[in-house]
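# Results of the structural survey
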Amino acid sequence: MRMKAASNPLINLEQANVLSLIESDGIVKGVRYKSLVGEEKNFHAPMTFVCDGSFSNLRRSVTNPKVRTPSWFVGLIVEDCSSLPFANHGHVILADPSPILFYPISSTEVRCLVDVPGDKVPSGSNGQMAKYLSTVVAGQLPLKLRKPFLQAIDKSKIRAMPNKSMPAIPRARPGVLVLGDALNMRHPLTGGGMTVALTDIVILRDMLRTIQDFSNAPALCDYLQDFYVLRKPMAATINILADSLYKVFSATDMVEEVRRQACFEYLGMGGMFSSGPMGLLGGLNPSIAILIFHFLLLTAYGLARVLLPFPSPSRLWIAIRLIWKAPSILLPSIRNESLMPSFNFKWLMTYRYTIVMSLFMLSSIYFLV
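Note that the coordinates shown come from a computational prediction; the quantities given were computed from them, not determined experimentally.

Below, the discussion takes up the overall build of the chain. Within the chain, the secondary structure is distributed over 13 helices and ten strands. Dimensions of the chain, computed from the C-alpha atoms along their principal axes, are close to 70 × 55 × 35 Å. The contacts in the chain between residues at least 6 apart in sequence include a share of 65% that link residues at least 24 apart. Surface accessibility of the chain: about 20,000 Å² in total, with carbon and sulfur atoms responsible for 61%. Averaging the positions of the 37 positive and the 25 negative side-chain charges in the chain gives two centres separated by 5 Å.

Have a look at this one:
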């Protein structure tokens, strides 16, 4: 993508370390940066786009970020591609306590990403990380992957990267616009970051095509506020799906394990039960309504799976807890995307109503049986 941009005669690429934004009278006029030879320079432009990634040091001057780190990805390279159960496919291992990803990156190499919940990971310098991977993780992998994985622990350089989540909270600042992970992040389990970023670029491209004069920064700032509205359907769908799916795939107790297994079986039923979620994952059909529809179907399937063929007291208790905990999976993400008023889901936040609905649904299923 960088080479493609450089091929345009109207674009001049320069590699440097941006130090700060240049501001005057509340308007961003450009950036101050340090070149590769260590010289500090100023560059002025009528419009500055901040897209310096998840570790952005510029976004705080433009947005009001609320960054969370629900987990870390510990990555290493496995050199035997033939060890994958299905060639040329990505794999998600539903391990304890959270998922593990395997996907080929070349004809001979597979990247492995082990999700480690929490804001800290075992230290790599004293061997604790290698010990964790070999004792806790390796035994949960398919037999074909265990030996190559253990060999990779010894041979590959183990890297750790925080998985950050941050809703887009834009602030109107004339002369500047934030894009990419600097603006908005979600758990990388679904790989939705590039889908959101490239969709944002297309929306912004179409908006900027109509502008003839960039010199009026306040007017341009007012015009670009529509960008945050236009990006919402795609960005909110991908964000909510990624964070919610991570919660479902990270089983912390027996009830969450039931939900996780129900999700696995739900996707395996094929038809609309797989094509619908896949359309959401790939950004082909971004719709909050469809996402909620499949979540409710998944919850109903989980209830039927627990209660049938006979709703014993212990199964009834699991079903009640399954419904009780369901709002905590989806609603926090919906609230982070500022969608609660438009969907009028405040009633779901009360446990009293949740229990009433639980008893109603359980009774209905029982009498239907």
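Moving on: unusual backbone geometry. Leave glycine aside and you will find that most residues have negative phi; peptide bonds, for their part, are mostly trans. Note the cis peptide between Asp-96 and Pro-97, where omega equals 10°. Put simply, Leu-308 and Pro-309 share a cis peptide bond, and its omega is 5°. With a phi close to 55°, Asp-25 is a non-glycine residue in the positive phi region. Secondary-structure assignment places Asp-25 in the loop between β1 (16-24) and β2 (27-35). Assessed through its relative accessible area of 78%, Asp-25 is described here as exposed. Here the phi dihedral of Asn-88 falls at roughly 60°; this positive angle occurs in a residue that is not glycine. Tracing the backbone shows Asn-88 in the loop between β5 (68-78) and β6 (91-93).

Pairing in this open sheet of five strands is antiparallel, and the strands run β6-β7-β8-β5-β9 from one edge to the other. Lying at the two open borders of the sheet, with one neighbouring strand each, are β6 and β9 (159-165). Adjacent strand axes in the sheet meet at a mean angle of 25° when their direction is disregarded. Relative to strand β7 (residues 100-104), β6 is paired through three bridges, and the arrangement is antiparallel. Note that in β7 the partner of Ile-93 across the bridge is Ile-100. Those strands touched by helix α2 (residues 128-137) are β5, β7 and β8 (110-117), and its axis lies near 95° from that of β8.

Turning next to the pattern of salt bridges. Per the stated rule, a full pass over the model turns up 13 salt bridges. Note that Arg-173 is salt-bridged to Glu-23, the shortest N-O span being 2.3 Å. Here the residue Arg-173 occupies a position in the loop between β9 and β10 (176-178), and Glu-23 occupies one in strand β1, the gap between them amounting to 150 residues. Of the charged contacts, one joins Asp-206 and Arg-205 as a salt bridge, the two residues approaching to 3.1 Å between their closest N and O atoms. Residue classification places Asp-206 among the partly exposed positions, given a relative accessible area of 36%. Taken together, the shared-partner salt bridges in this structure form one network comprising Asp-253, Glu-256, Arg-259 and Lys-325.

Okay, a nonpolar patch on the surface next. Together, Met-1, Met-194 and Leu-198 make up a nonpolar patch on the protein surface, roughly 360 Å² of accessible area in all. Tracing the backbone through its elements, the reader meets Met-194 in helix α4 (residues 193-208). For Met-194, a relative accessible area of 49% gives the class partly exposed.

Moving on to the packing of helix α7 (residues 254-268) against helix α10 (residues 313-325). Angle between the axes and distance between the axes: these two values describe a pair of packed helices. One way to put it is that α7 packs onto α10 with a least axis distance of 10 Å and a crossing angle of 80°. Here α10 runs roughly perpendicular to α7, going by the angle between their axes. Of the residues in α10, those touching α7 at Met-254, Val-255, Glu-256, Val-258 and Arg-259 are Ile-318, Arg-321, Leu-322 and Lys-325. Classifying every residue of the contact of α7 with α10 gives five nonpolar, no polar and four charged.

Quick look at the sheet that holds β2 now. One open sheet holds the three strands; their spatial order is β1-β2-β3, and the pairing between them is antiparallel. Both outer strands of the open sheet, β1 and β3 (40-44), are each paired with one neighbouring strand and no more. Pairwise comparison of adjacent strand axes, ignoring direction, gives a mean angle of 30° for this sheet. In this structure, β2 lies alongside β3, joined through five bridges in antiparallel fashion. Paired with Lys-34 across the two strands is Glu-40, which belongs to β3.

The side chains of a regular strand alternate, residue by residue, between the two faces of the sheet. A loop of six residues connects β6 with β7, the two strands running antiparallel in sequence. With five bridges connecting them, β7 and β8 associate as antiparallel partners. Along β8, the bridge assignment pairs Tyr-103 with Arg-111. In textbook terms, the turn of a hairpin is the stretch between consecutive antiparallel strands, and for β7 and β8 this stretch comprises five residues.

Turning our attention to the environment of Gly-276. Within the secondary structure layout, Gly-276 lies in helix α8 (residues 272-281). The class for Gly-276 is buried, based on a relative accessible area of 16%.

Evaluation of the coordinates by the stated rule reveals four aromatic pairs. Consider the rings of Tyr-266 and Phe-273, whose centres lie 5.3 Å apart with planes at 80°: the pair is edge-to-face. According to the relative accessible area criterion, Tyr-266 is buried, its value standing at 3%. For Phe-273, a relative accessible area of 26% gives the class partly exposed.

Parameters at a glance
- Residues numbered from 1 in each chain as written.
- Predicted model: local features only at pLDDT ≥ 70, side-chain atom pairs only at ≥ 80, totals over all residues.
- Heavy atoms only, no water.
- Helix = DSSP H or I, 4+ residues; strand = E, 2+ residues; numbered from the N terminus.
- Contact = heavy atoms within 4.5 Å.
- Areas by Shrake-Rupley, 256 points an atom, 1.4 Å probe, with all protein chains shown as cover.
- Lys, Arg positive; Asp, Glu negative; His and termini not counted.
- Charge placed at Lys NZ, Arg CZ, Asp CG, Glu CD.
- Buried < 20%, exposed > 50% of the residue type's maximum accessible area, 1.4 Å probe, protein only.
- Pairing = 2+ DSSP bridges.
- Axes fitted to C-alpha atoms, helices over the stretch in contact; angles between N-to-C directions.
- Salt bridge = Lys/Arg side-chain N within 4 Å of Asp/Glu carboxyl O.
- Patch = residues over 30% accessible without salt bridge, like charges linked within 9 Å, V, L, I, M, F, W, Y side chains within 5 Å.
- Parallel < 35°, antiparallel > 145°, perpendicular 65-115°, else oblique.
- Nonpolar A, V, L, I, M, F, W, Y, C, P; charged D, E, K, R; others polar.
- Phe/Tyr/Trp six-rings, centres within 6.5 Å; stacked < 30°, edge-to-face > 60°.

Honestly, that's just the spatial picture; any functional story needs more than this.
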